[in-house]
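The residues making up each chain are set out below.
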Amino acid sequence: MDEEYDVIVLGTGLTECILSGLLSVEGKKVLHMDRNDYYGGESASLNLTQFFRKFRPNQSPPADLGRDRDYAVDLIPKFIIASGELVKILVHTDVLRYLEFKQIAGSFVYKNGKISKVPSTEVEAARSPLMGLFEKYRARKFFEFLQGWKEEDPATHQGLNLDKDSMRKVYQHFGLEPGTQDFIGHALALYLDDDYINKPARETYERIVLYTTSMARWGKSPYIYPLYGLGELPQSFARLSAIYGGTYMLDKPIDEIVLNKDGSFAGVRSGAETVRAKMVIGDPSYFGAGKAAEDGKLRVVEDGKVVRAICILKHPIPGTDESDSVQIIIPQNQVNRRNDIYIAMVSSTHKVCADHIYVAIVSTIVETSAPENEIQPGLHLLGSIYDKFVTVSPIYTPVADGKQDHIYITRSYDATSHFETVVEDVQDVFKRVMGKDLELKKRESDTEQ
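Parameters at a glance
Residues numbered from 1 in each chain as written. Predicted model: local features only at pLDDT ≥ 70, side-chain atom pairs only at ≥ 80, totals over all residues. Heavy atoms only, no water. Helix = DSSP H or I, 4+ residues; strand = E, 2+ residues; numbered from the N terminus. Rg over C-alpha atoms; globule rule 2.2 N^0.38 Å. Buried < 20%, exposed > 50% of the residue type's maximum accessible area, 1.4 Å probe, protein only. Contact = heavy atoms within 4.5 Å. Areas by Shrake-Rupley, 256 points an atom, 1.4 Å probe, with all protein chains shown as cover. Lys, Arg positive; Asp, Glu negative; His and termini not counted. Charge placed at Lys NZ, Arg CZ, Asp CG, Glu CD. Pairing = 2+ DSSP bridges. Patch = residues over 30% accessible without salt bridge, like charges linked within 9 Å, V, L, I, M, F, W, Y side chains within 5 Å. Salt bridge = Lys/Arg side-chain N within 4 Å of Asp/Glu carboxyl O. pLDDT = per-residue confidence, 0-100. Phe/Tyr/Trp six-rings, centres within 6.5 Å; stacked < 30°, edge-to-face > 60°. Lys NZ or Arg CZ within 6 Å of the ring centre and 35° of its normal. Polar contact = N/O pair within 3.5 Å; in protein donor to acceptor, adjacent residues only side chain to side chain.

Considering the overall build of the chain
In step 1: Tallying secondary structure elements over the chain gives twelve helices and 19 strands in all.
In step 2: Taken over C-alpha atoms, the radius of gyration comes to 23 Å for the chain, in line with the 22 Å a tight globule of 449 residues would show.
In step 3: Per-residue burial for the chain yields a buried fraction of 54% across its 449 residues.
In step 4: In the chain, the share of contacts with a sequence separation of at least 24, taken over all contacts with a separation of at least 6, comes to 71%.
In step 5: In the form shown here, the chain has an accessible surface area of approximately 20,000 Å², with 48% of it arising from carbon and sulfur atoms.
In step 6: Averaging the locations of the 53 positively and 64 negatively charged side chains of the chain gives two centres separated by 2 Å.

Structural notes on the pairing of strand β11 (residues 256–259)
In step 1: Bridge count between β11 and strand β12 (residues 265–270): four bridges; the pairing is antiparallel. From the neighbouring strand, isoleucine 257 faces β12, where its bridge partner is valine 268.
In step 2: From the end of β11 to the start of β12, which pair antiparallel, there are five residues, and glycine 263 there has a positive phi angle of about 90°.

Some remarks on helix α7 (residues 178–188)
In step 1: Of all the eleven residues making up α7, nine are buried; the element is thus mostly covered by neighbouring parts of the structure.
In step 2: For α7, the full list of buried residues reads Thr180, Gln181, Asp182, Phe183, Ile184, Gly185, His186, Ala187 and Leu188.
In step 3: Turning to α7, the residues buried within the fold contact β7 (106–111), α5 (133–148), α6 (167–174), α8 (202–218) and β15 (326–330).
In step 4: Leucine 190 sits one or two positions beyond α7 and adopts a positive phi of about 60°.

Digging into a nonpolar patch on the surface
In step 1: Residues Leu298, Val301 and Val399 make up a contiguous nonpolar surface patch of about 230 Å² in total accessible area.
In step 2: Locating leucine 298 in the fold gives a position in the loop between β13 (273–282) and β14 (300–313).

Examining the confidence of the model for the chain
Parts of the model with low pLDDT should not have their predicted coordinates read in detail.
In step 1: This prediction gives the chain a mean pLDDT of 90; 95% of its residues lie at or above 70.
In step 2: Predicted confidence for residues 445–449 stays below pLDDT 50, and this span has seven contacts to residues more than four positions away or in other chains.

Observations concerning the pairing of β15
In step 1: With respect to burial, β15 is a largely interior element, five of its five residues being buried.
In step 2: The alternating pattern of β15 places Val326, Ile328 and Ile330 on one face and Gln327 and Ile329 on the opposite face, and all of these are buried.
In step 3: Strand direction decides the pairing type here: β7 and β15, joined by four bridges, are parallel. The residue bridging glycine 106 from the neighbouring strand is valine 326, located in β15.

Description of the packing of aromatic side chains
To describe a pair of aromatic rings, you give the distance between the ring centres and the angle between the ring planes.
In step 1: The final tally for this structure, using the stated rule, is 16 aromatic pairs.
In step 2: A centroid spacing of 6.2 Å and a plane angle of 75° characterise the contact between phenylalanine 51 and phenylalanine 52, whose relative ring orientation is edge-to-face. Like phenylalanine 51, the residue phenylalanine 52 is buried in the burial classification.
In step 3: Summarising the aromatic geometry, the rings of tryptophan 149 and tyrosine 205 are spaced 6.3 Å apart at their centres and angled 50° between planes, so their arrangement reads as tilted. Of the two residues, tryptophan 149 sits in the loop between α5 and α6 while tyrosine 205 sits in helix α8, which places them 56 residues apart along the sequence. The burial state of tryptophan 149 is the same as that of tyrosine 205; both residues are buried.
In step 4: Aromatic ring contacts, followed pair by pair, group Phe142, Phe143, Phe145, Trp149, Tyr171, Phe174, Tyr191, Tyr196 and Tyr205 into a single cluster.
In step 5: The positively charged end of lysine 29 is found above the aromatic ring belonging to tyrosine 5, 5.1 Å away from the centroid.

Some remarks on the pattern of salt bridges
In step 1: Summed over the entire model, instances satisfying the criterion amount to 28 salt bridges.
In step 2: Of the charged contacts in the structure, one is a salt bridge between lysine 252 and glutamate 273, with a shortest N-O distance of 3.3 Å. With a gap of 21 residues between them, lysine 252 in the loop between β10 (247–249) and β11 and glutamate 273 in strand β13 connect regions that are remote in the sequence.
In step 3: For glutamate 273, a relative accessible area of 36% puts it in the partly exposed group.
In step 4: Between arginine 411 and aspartate 425 there is a salt bridge, with its nearest N and O atoms 4.0 Å apart. Note that arginine 411 is positioned in the loop between β19 (407–409) and α12 (420–434) and aspartate 425 in helix α12, a separation of 14 residues in sequence.
In step 5: On the basis of relative accessible area, arginine 411 is assigned to the partly exposed category, the value being 41%.
In step 6: Connected through salt bridges with shared partners, the residues Glu135, Arg138 and Glu177 form a single ionic network.

Some details on helix α2 (residues 48–55)
In step 1: When α2 is considered as a whole, its buried residues turn out to be Leu48, Gln50, Phe51 and Phe52.
In step 2: For α2, the elements touching its buried residues are β3 (45–46), β4 (73–74), β14 and β18 (387–398).
In step 3: With a side-chain oxygen lying 3.1 Å from the backbone nitrogen of threonine 49, the N-terminal cap of α2 falls on asparagine 47.

This is the structure in structure tokens:
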């Protein structure tokens, strides 16, 4: 470890692995280190032994759950939007070829005490219990307006300005009921709360278009998911980095971030060894995670918490047409909360657990001093639960942009049900590090065939 690198990356979460892959392609000499003996960091997928070691170190996995190697249990529940930014990065970096995907079978939304499928066809929309007959007519006019919108043709704007008028005004223009607004804002635009209603409608318009184009791409639902779990994503970007000369070290304790006299980054110490680099990129856990670092400087602050319950089931979720994988959104207004509750379920179809086992993760942003109580509406929808593992994770945000001290810290994984915010963080860090926007160009085939 006596070499000098352009960049040291700490933590093998998805954000860090995408960045190390992209920077390696840019010709940077990258050293990537992780204190764990597995890839993925907070976004890892664990086999049964690793999973129990993390949550119940003194307990062995029950024999009736099947073989250890059949499991890849995600720690963070997210799906990939089929037409989203992560797919674009996968395609343009050619990382897609290392992965196999399967579609998520259905997307559901909770309303008035029961769950209903988010319609994916006109026939399903006509039969859907989510709206009454007259409301369906009004909603159809709203969706026709979105579909027909042309920037250069004011005749398609119906007197509305997406950059100035709030989403509330757009809803009022079409006379949409509060329940329909919930459905559009949370099940289609995938907002966590209702803050968006008073903001310009442009972003909501773009989010709905992303959802509908993703739905049109696959039918049934707009989401895809990698076989063998989300942990395959960081590993695939790690392969990209390695092809371009990146070096990886797992199971390597990070004992100290070494600084120059002026407070800028100098290197990383592990045991008696120190490795030097021009800059460091890493997840918040390597930089104090809410506590002052050894040099007394606060580098990251807590910006809320997420509660997640990883539940092992021996049956599909009731009311989902026996689906082998689903997303269920419980809009906050339906359960008198400020933030939505999400349920993400996958199964043996996705090579993440043994046959006849289903893994459902219920999550939300913490609002009270009793986080587990807050996800009860979601747990209640699962039916009988074989076992449950609850975590409360802080969301950390970096204090500085890293340009002065060359310490670039990524954000914690938020409560959203997809990876769009992860990609935003990647693009943001890349621009700060490289001084230019991330441009996605399809790379030429490399030597590994």
